[in-house]
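# Secondary and tertiary structure notes
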Amino acid sequence: MSDSAGSGESGGVAGATQEAEADNEPPHQAPALHKGDDLEVEVTSEEGVPSSAKRPRMSEEEQGLEQVAKSVILHEETPSYTSLLQEDPAPPAQITGEPLQCEDGRVGEEEPVSGGGEEECHQNGDGGHDAHLDDGEAKPEEEHNGNLSADSPSEGQRLGLDFTQNPQMLTGSWTEYSNVPENYLKGCKWAPDGSCILTNSADNVLRVYNLPPEIYSYNWDLLSEMSPVLRMAEGDTIYDYCWYPKMTSLDADTCFLASSSRDNPVHLWDAFYGEVRASFRPYNHLDELTAAHSLCFSPDGTQLYCGFDKMVRVFYTDRPGRDCEERPTIVKKQGQSGIISCFGFSPCQSVYACGSYSRCAGLYCCQDGTQLALLPTRHHGGLTHLLFSPDGNYLYTGGRKDPEILCWDLRDPGKVLFSLKRNVATNQRIYFDLDLSGRYLLSGDTEGVVSVLDTKTAPPEGNEELLQPQLRFKAHWDCTNGISIHPFMPLLATSSGQRQFPSPGESEGDSASEGEGGEAVMSPQETRQDNALSLWWAGPLGPAAEGSQEQTTEVVEA
């Protein structure tokens with residue numbers, strides 16, 4: 001059983017096979033999984049990084065600031081989801097356009113933020129730290145979750161996002177990606193508890209970065225380049241990856257993530273030591289191991305959804321191995337065709353959405369995978385990313401080689417409320433993200449520009465009009481493919497890079513590429529390379545930083 005999974009692990013990090021952008025980049029508390037469940041795999045780390053550097057089992061007592069940041073938000077509870085289908089469901093009526101609504105009208109409950117006196121800490125970085133340091137322990141979940149209603153109007157304010165000015169770059173990581181040629185990044189994702197960042201890159205390595213503690217106290221002049229505390233090497237091109245949604249750094253059993261790579265099973269990685277905890281092995285109709293093109297945990301973390309060609313397979317996180325539930329997306333030649341490339345779960349309904357390379361999205365029932373609606377084919381390219389709004393009423397979709405992000409009104413399935421223009425000229429998966437209030441939609445593009453859209457400016461009726469960004473700024477000199485908003489602080493993480501194709505005729509020693517004195521002259525493409533992870537402050541400046549920090553971003557004319 002474990003041999004087939006273990007065969008996917010290959011030693012070494014640097015020099016792994018690099019794939020072109022079009023290479024199938026098709027782009028929450030469960031019972032704890034333990035090391036050794038179902039397979040034994042040795043993970044090879046980069047030279048010079050001892051195991052002790054791989055994030056020891058969280059020294060909260062020794063690192064006060066880091067512990068405070070974690071204790072602020074590690075009391076999340078995934079809500080119970082109301083079933084979309086009633087006792088007497090009528091799928092045909094829903095497919096023809098009946099509104100998809102919550103039974104009780106609850107909105108925005110997917111990731112409740114702790115209440116009480118945390119708002120000052122979120123806004124001011126150092127506010128409220130002393131109180132937490134004194135008692136040194138987190139408050140019970142009941143105290144926090146009971147103080148905040150899901151539709152609280154201050155939910156967006158708690159993030160402290162301020163896009164009336166350009167975000168300010170704080171730090172990042174770029175040297176890490178310069179050791180291997182063309183080691184561009186392919187995305188970045190904040191951990192659910194906001195304590196660290198996960199990145200994917202062309203060398204088939206997942207890296208974990210801790211959030212620098214200086215950020216909490218506005219000591220930005222002390223910030224240095226970030227270095228990963230953990231590296232997890234897959235055997236081939238990584239198709240998709242995601243955090244366990246109930247992950248909290250104070251509970252080691254919940255600290256894991258999933259990844260899928262070419263010709264390998266789905267791996268669950270321990271986020272403390274970088275070891276493979278377990279694997280899920282999907283097989284096709286020929287009983288051959290097949291790789292998942294997309295991954296997503298269910299909101300309660302008990303299930304792992306995997307996307308394949310015209311098929312969704314659902315694994316249970318407490319049962320590693322090959323046993324799974326198969327949910328075809330085409331039944332009797334009707335349904336959603338193509339490779340399932342991305343997933344999203346509604347925050348208030350028992351519904352999930354699937355995007356596919358057939359340029360369409362479908363809505364399905366979580367209980368049995370029944371198709372509820374198939375949205376019209378409006379995209380120019382295959383879908384690579386989708387997101388539900390916090391109230392569950394809207395679905396945002398984006399595709400490859402597609403210049404638009406579309407906003408669908410799920411109360412009237414098939415209706416597009418508005419679109420956002422962005423420059424996507426490649427097959428690369430380019431992410432976008434929403435803040436917890438659902439107001440701000442952020443996306444990068446192939447030119448390195450980040451666009452910030454205020455969805456509250458959209459007309460209530462919606463006429464499929466093109467909304468203009470509130471702010472556009474140059475985040476990178478190369479493609480900005482990943483963007484992620486911090487769960488509770490006004491921080492943005494962006495990742496950049498793409499495969500560069502030399503111009504015809506370029507070669508070593510070419511006289512056309514040499515200047516006077518035989519010095520090499522960089523081509524325009526080479527000067528645009530920017531493979532880096534960047535951290536941005538998108539909130540009000542603190543007293544220590546105001547007036548002393550210069551704006552480093554470039555405004556882009558709309």
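Keep in mind that this is a model prediction, so the values were computed, not measured. (Residues numbered from 1 in each chain as written. Predicted model: local features only at pLDDT ≥ 70, side-chain atom pairs only at ≥ 80, totals over all residues. Heavy atoms only, no water.)

### Overview of the overall build of the protein chain
The condition that has to hold: The helix and strand labels rest on DSSP assignments: H or I over at least four residues marks a helix, E over at least two residues marks a strand, and numbering proceeds from the N terminus. Any residue under 20% of the maximum accessible area for its type is buried, any over 50% is exposed, and the rest in between are partly exposed; the area is computed with a 1.4 Å probe on protein chains only. The method behind every accessible area is Shrake-Rupley, applied with a 1.4 Å probe, and residues are considered shielded solely by the protein chains displayed.
Of regular secondary structure, the protein chain possesses eight helices and 32 strands. Out of the 558 residues belonging to the protein chain, those deemed buried represent 57%. By element, 46% of the accessible surface of the protein chain is carried by carbon and sulfur atoms, the whole surface being about 22400 Å².

### Quick notes on the sheet that holds strand 31 (residues 533-537)
Operational definition: What makes two strands pair is DSSP finding at least two bridges between them. Lines fitted to the C-alpha atoms define the axes, with helices restricted to the stretch that makes contact. Angles between their N-to-C directions range from 0 to 180 degrees.
Pairing within the open sheet is antiparallel, and its four strands lie in the order 1-31-30-29. Looking along the sheet, the strands with just one partner apiece sit at the ends: strand 1 (168-173) and strand 29 (480-485). Each neighbouring strand pair of the sheet contributes to a mean axis angle of 25°, computed without reference to strand direction. Relative to strand 31, strand 1 runs antiparallel, the two being bridged by five bridges. Each bridged residue has a counterpart across the sheet, and for Gln168 the counterpart in strand 31 is Trp537.

### Some words on the sheet that holds strand 5 (residues 230-233)
In spatial order, the strands read 2-3-4-5; together these four strands make up an open sheet with antiparallel pairing. The sheet terminates laterally at strand 2 (185-190) and strand 5, the two strands that pair on one side only. When the angles between neighbouring strand axes are averaged without regard to direction, this sheet yields 20°. Bridge count for strand 2 against strand 3 (residues 196-201) is five bridges, and the pairing is antiparallel.

### Details of the side chain of Asp435
Stated precisely, the cut-off is as follows: When charges are counted, Lys and Arg are positive and Asp and Glu negative, with His and the chain ends excluded. Salt bridge, as used here: a side-chain nitrogen of Lys or Arg that lies within 4 Å of a carboxyl oxygen of Asp or Glu. Within 3.5 Å is the distance limit for a polar contact, defined as a pair of N or O atoms, with the added protein rule that one can donate a hydrogen and the other accept it, and that residues adjacent in sequence qualify only through two side-chain atoms.
By the secondary structure assignment, Asp435 is in the loop between strand 24 (432-434) and strand 25 (440-443). There is no salt bridge for the buried Asp435, and the closest opposite charge comes from Arg439, which lies 7.1 Å off by N-O distance. In this structure the side chain of Asp435 is engaged in a polar contact, spanning 2.9 Å, whose partner is the backbone nitrogen of Arg439.

### Regarding the packing of aromatic side chains
Put simply, the rule is: Each pair of aromatic rings taken from Phe, Tyr and Trp, with Trp reduced to its six-membered ring, is defined by centres within 6.5 Å and is described as stacked if the planes are under 30 degrees apart, edge-to-face if over 60, and tilted in the remaining cases. Both a distance and an angle decide whether a charge sits over a ring: NZ of Lys or CZ of Arg must be within 6 Å of the ring centre and within 35 degrees of the ring normal.
Evaluated as defined, the whole model comprises 14 aromatic pairs. On the numbers, 6.2 Å between centres and 65° between planes, the contact of Tyr305 with Phe343 is edge-to-face. Pair noted here: Tyr305 is in strand 11 (residues 303-308) and Phe343 is in strand 16 (residues 340-345), with a separation of 38 residues, a long-range link. Since its relative accessible area comes to 9%, Phe343 is described here as buried. Each member of the aromatic cluster is reached from another via a ring pair, and the members are Tyr305, Phe343, Phe345, Tyr352 and Tyr364. For the cation-ring pair, Arg322 lies above Tyr283, with the distance from its terminal atom to the ring centre recorded as 4.0 Å.

### Here we look at the nonpolar core
What counts is decided by this rule: As used in this record, nonpolar core signifies buried Ala, Val, Leu, Ile, Met, Phe, Trp, Tyr and Cys residues forming a set joined through side-chain atoms within 4.5 Å.
Judged by nonpolar contacts, the single largest core of 21 residues is most densely connected at Leu211, Ile215, Met489, Leu491, Leu535 and Trp537. Contributions of two or more residues to this core are made by strand 2, strand 30 (491-496) and strand 31. In this structure, Cys196, Trp243, Cys255 and Tyr431 belong to the second largest nonpolar core, which totals 20 residues.

### A closer look at the pattern of salt bridges
In total, this model carries twelve salt bridges according to the counting rule given. Glu326 is the salt-bridge partner of Arg313, the closest N and O atoms lying 3.3 Å from each other. In this pair, Arg313 sits in strand 12 (residues 311-316) while Glu326 sits in strand 13 (residues 325-328), placing the two residues 13 residues apart along the sequence. Assessed through its relative accessible area of 7%, Arg313 is described here as buried. The partly exposed category is assigned to Glu326, whose relative accessible area is 46%. Residues Asp454 and Arg439 are paired through a salt bridge, measuring 3.0 Å at the closest nitrogen-oxygen approach. Taken together, the positions of Asp454 in strand 26 (residues 449-454) and Arg439 in the loop between strand 24 and strand 25 put the pair 15 residues apart, joining distant regions of the chain. Looking at Arg439, the relative accessible area reads 33%, which means it is partly exposed.

### Section: the confidence of the model for the protein chain
Segments scoring low in pLDDT should not have their predicted coordinates read at a detailed level. Quick note on the threshold: Confidence scores per residue from the predictor, reported as pLDDT, run from 0 to 100. The contact criterion used throughout is that any non-hydrogen atoms of two residues lie within 4.5 Å.
Mean pLDDT over the protein chain: 73, with 63% of residues reaching 70 or higher. With pLDDT under 50 throughout, residues 543-553 is counted as low confidence; its partners more than four residues away or in other chains account for 17 contacts.

### Quick look at the pairing of strand 29
Most of strand 29 is tucked away, with six of its six residues classed as buried. Bridge count between strand 29 and strand 30: five bridges; the pairing is antiparallel. Residue pairing in the sheet places Gly482 in a bridge with Ser495 of strand 30. Hairpin connection from strand 29 to strand 30: five residues lie between these consecutive antiparallel strands.

### What to know about unusual backbone geometry
Here the phi dihedral of Glu182 falls at roughly 55°; this positive angle occurs in a residue that is not glycine. Mapped onto the fold, Glu182 is located in the loop between strand 1 and strand 2.

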